[in-house]
Amino acid sequence: MELPVTAPDSGGRNKVSYTIETINLSYALPSLHDEFSWIFCCNIPKIPQKFIIKDVNCEARPGQITAIAGPSGAGKTTLLEILAGKISPTKVTGQVRVNGHPVNAKCFRRLSGYVTQEDALFPLLTVEETLMYSALLRLPGGEKEAANRVGVLIKELGLEHVAGSRVGEGSNKGISGGERRRVSIGVELVHDPAVILIDEPTSGLDSASALHVISLLQLMVANQGKTIVLTIHQPGFRILELFDRLVLLSNGCVLHNGSLKYLEERIKFSGLQIPPHINVLEFAIDVTGSIVIQTSETPNIHFYLKDHDEKRESLRVDDEGITISNHNDIVEKCPFYSNSHIEEILILGGRFCKNIFRTKQLFATRIIQALVAGFILGSIFMNVDNNLGQVAFQTRLGFFAFSLTFLLSSMTEGLPIFLQERRIFMRETSRGAYRVSSYVVANTFVFLPFLLMVGLLYTVPVYWLVGLRRNMDGFLYFAMVVWMVVLMSNSFTACFSALVPNFIMGTSIIAGLMGSFFLFSGYFLSKKKIPNYWIFMHYLSLFKYPFECFLINEYGGKGGKRCLESERGECKLFANDFLRQQDLKESQKWSNLAVMLCFILGYRVLCYLILWYRCYRTRS
């Protein structure tokens, strides 16, 4: 089913509203027997599945807040993730229906807003910038339309006093937890969705902040007729009064689906008395074993029938005049991306730049590190080539090797930043904010000038202090190789940050591969001495090609007649002879650069494919 789509009218209200219902919905964790059935014998009995939710029948109506409650492990978040399309429909039995018809999960994800329990926000952006970038990516009207929407949203969420403050995270000073939660909700509200799904909106908040958040949601329901579904553990009495509908779960089964009033009647009907100092939901969670599981076949329960009478009455028309859309209404195509590829790249590029310039660990520290390292290495290896001899020559080769080690390893410091961005990227792309290709291209182009500056700050002092070939074309080529090296390292880190599950795994894999690349680069063992079964590592090494470029730049061309080693006034090794010993030709000066460029593009393409596959698995 393709869902009807309409833009909000001038009053900010949606003309189309949605009723969501589940019919015999079940979801079980896949067993080892199912995962590896191809290796089990037919006679082995099938291991019973462990159901997270089982035969769930519930609904959420427009103009109401529906709360999914229950003890820990009841299946609240799982049910919400199924409604949000985060769990693939192919892994679920039963049906999720919208306005009485099977839901198109992909389309519904774009039309709805889903707020996870953990706030995935850029800590260095301000509240206004966070909402603005989200609006630019989700709304088609351009910057003016986005600014208007953000201005309205900031007022609705009560964030005017912190609009210019950075979001912050952890030890970073920023806004409070309640304000951060409202920003997370605002990020999903910029495109004015008719359905909002929120996982634990009060988690980690004090009672006043929690009440403020739920009160804001209640105002949206009253003024805009949205369908809001949220999960909550044990709310206070004042928060409980703001819920219109309650779905009580226990061990994945529905104990109650209706109003709070009828939950109280259900408890009394079960012969239980609610103590005066405990609210209805809190008591119901404590005595879940004494409440009959509510199903569509539950016979002769008077409050269950009353709820259905209430449902029929509310479906006619509510007090605000919001009507429910039928399948016969005008059906438009599922909304696609709001911006073109170029617009997405520009928006994402602007956001990347702000994050880079405000990240001291990545920007200021990296620049200082490159500059200081250039001066220190230059002073250590200063004019080492003035003395002709094997020791001086080997020292020069050691300088080239150490430079590459420093340049390639230092770029991996960006791994935690890539991993932090990936969480936000997965959330945004799953809701259809932008294309994966736009993200990868924007990330690539933003780092080009930044890494060029880092490369020049390292090259300028070290090249002249060490006393390498003293002409401008040699300097420019050396600077170009350094730039390509840091770009290779950056692309390599970006690729593996898309692949690895966490920081510890990422650092272990990257460090191991970098060490292997150095070992097979040709510095320790020549190509002829590397075993045939390891020769592929020689050609995959990120050290090999820039190391050869450094050698050709220094000892090739016009400097080929230089004497590298002499004994008793007689030259034992000329530069040209050394390059021939290493099987290096002048033409490799440029072909190696082409190979390095292929590495840069190749790792970026791999990064794109990995991220695309992650998004595809999330969507499917």
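Keep in mind that what you see is a predicted model, and the values were worked out from it rather than measured.

Considering the UniProt feature "transmembrane region" (unreviewed entry) in the protein chain
Thought 1: Mapped onto this numbering, the UniProt entry annotates "transmembrane region" (unreviewed entry) at residues 363–382, 397–419, 440–464, 476–496, 503–525 and 593–613.
Thought 2: The span residues 363–382 is 85% helix and 0% strand, and its two end C-alpha atoms sit 28 Å from each other.
Thought 3: Secondary structure content for residues 397–419 is 83% helix and 0% strand, while the C-alpha to C-alpha distance between its ends is 36 Å.

As for the sheet that holds strand β7 (residues 195–199)
Thought 1: Read across the open sheet, the six strands follow the order β6-β7-β8-β3-β9-β10; overall the sheet is mixed. A single partner strand is all that each edge strand has here, and the edge strands are β6 (113–115) and β10 (253–258). Strand-to-strand twist across the sheet, computed as the mean angle between neighbouring axes with direction ignored, equals 15°.
Thought 2: Relative to β10, strand β9 (residues 245–250) is paired through five bridges, and the arrangement is antiparallel. Paired with L248 across the two strands is H256, which belongs to β10.

Here's the deal with helix α6 (residues 177–187)
Thought 1: Of all eleven residues in α6, ten are buried; the element is thus mostly enclosed.
Thought 2: Of the residues making up α6, those classed as buried are G178, E179, R180, R181, R182, V183, S184, I185, G186 and V187.
Thought 3: Residues of α6 that are buried sit in contact with β6, α4 (127–138), α5 (142–156), β7, α7 (207–224) and α15 (415–430).

A word on the side chain of S403
Thought 1: With respect to the helices, strands and loops of the structure, S403 is situated in helix α14 (residues 390–410).
Thought 2: The exposure class of S403 is buried, given its relative accessible area of 1%.
Thought 3: Beyond its immediate stretch of four places on either side in the chain, S403 contacts L377 and Y458.

Topic: the environment of D473
Thought 1: Within the element layout of this structure, D473 appears in helix α17 (residues 472–499).
Thought 2: Owing to a relative accessible area of 47%, D473 belongs among the partly exposed residues under this scheme.

Description of the pattern of salt bridges
Thought 1: In total, this model carries 15 salt bridges according to the counting rule given.
Thought 2: Of the charged contacts, one joins R427 and E188 as a salt bridge, the two residues approaching to 3.4 Å between their closest N and O atoms. A residue pair is termed long-range when its members are at least 10 positions apart, and R427 in helix α15 and E188 in the loop between α6 and β7 qualify at 239 residues. Both residues of the pair, R427 and E188, belong to the buried class.
Thought 3: Two residues, K544 and E548, come together in a salt bridge whose shortest N-O distance is 2.8 Å. One end of the pair, K544, and the other, E548, are both in helix α20 (residues 544–555), four residues apart, so they sit about a helical turn from each other.

Overview of the packing of α4 against helix α12 (residues 341–358)
Thought 1: Between α4 and α12, the least distance of the axes is 10 Å, while the angle of their chain directions is 160°. By the angle between their axes, α4 is roughly antiparallel relative to α12. Relative to α12, the crossing made by α4 is left-handed. When α4 is examined against α12, the residues E129, Y133, L136 and L137 are found in contact with a partner set consisting of I347, L348, G350, R351, K354 and R358.
Thought 2: The class makeup of the residues in the contact of α4 with α12 is five nonpolar, one polar and four charged.

Quick word on the packing of aromatic side chains
Thought 1: Under the definition given, this model contains 28 aromatic pairs.
Thought 2: Seen from their ring centres, F492 and F496 are 4.8 Å apart, and the 50° between their planes marks the pair as tilted. Of this pair, F492 and F496 both sit in helix α17, four residues apart, roughly one helical turn. Each of the two residues, F492 as well as F496, counts as buried.
Thought 3: Measuring from centroid to centroid gives 5.7 Å for Y555 and F578, while their planes differ by 80°, and the two rings are edge-to-face. Separated by 23 residues along the polypeptide, Y555 in helix α20 and F578 in helix α21 (residues 575–581) bring together distant segments of the chain.
Thought 4: The exposure class of Y555 is buried, given its relative accessible area of 0%.
Thought 5: According to the relative accessible area criterion, F578 is buried, its value standing at 4%.

A few points about the side chain of S491
Thought 1: With respect to the element layout, S491 can be found in helix α17.
Thought 2: Ignoring any residue separated from it by four or fewer positions in sequence, one finds S491 in contact with I600, Y603 and R604.

Cut-off values and rules
Residues numbered from 1 in each chain as written. Predicted model: local features only at pLDDT ≥ 70, side-chain atom pairs only at ≥ 80, totals over all residues. Heavy atoms only, no water. UniProt positions renumbered as here; feature names shortened; annotations may be inferred. Helix = DSSP H or I, 4+ residues; strand = E, 2+ residues; numbered from the N terminus. Pairing = 2+ DSSP bridges. Axes fitted to C-alpha atoms, helices over the stretch in contact; angles between N-to-C directions. Buried < 20%, exposed > 50% of the residue type's maximum accessible area, 1.4 Å probe, protein only. Contact = heavy atoms within 4.5 Å. Salt bridge = Lys/Arg side-chain N within 4 Å of Asp/Glu carboxyl O. Parallel < 35°, antiparallel > 145°, perpendicular 65-115°, else oblique. Left-handed = near helix turned anticlockwise from the far one by under 90°. Nonpolar A, V, L, I, M, F, W, Y, C, P; charged D, E, K, R; others polar. Phe/Tyr/Trp six-rings, centres within 6.5 Å; stacked < 30°, edge-to-face > 60°.

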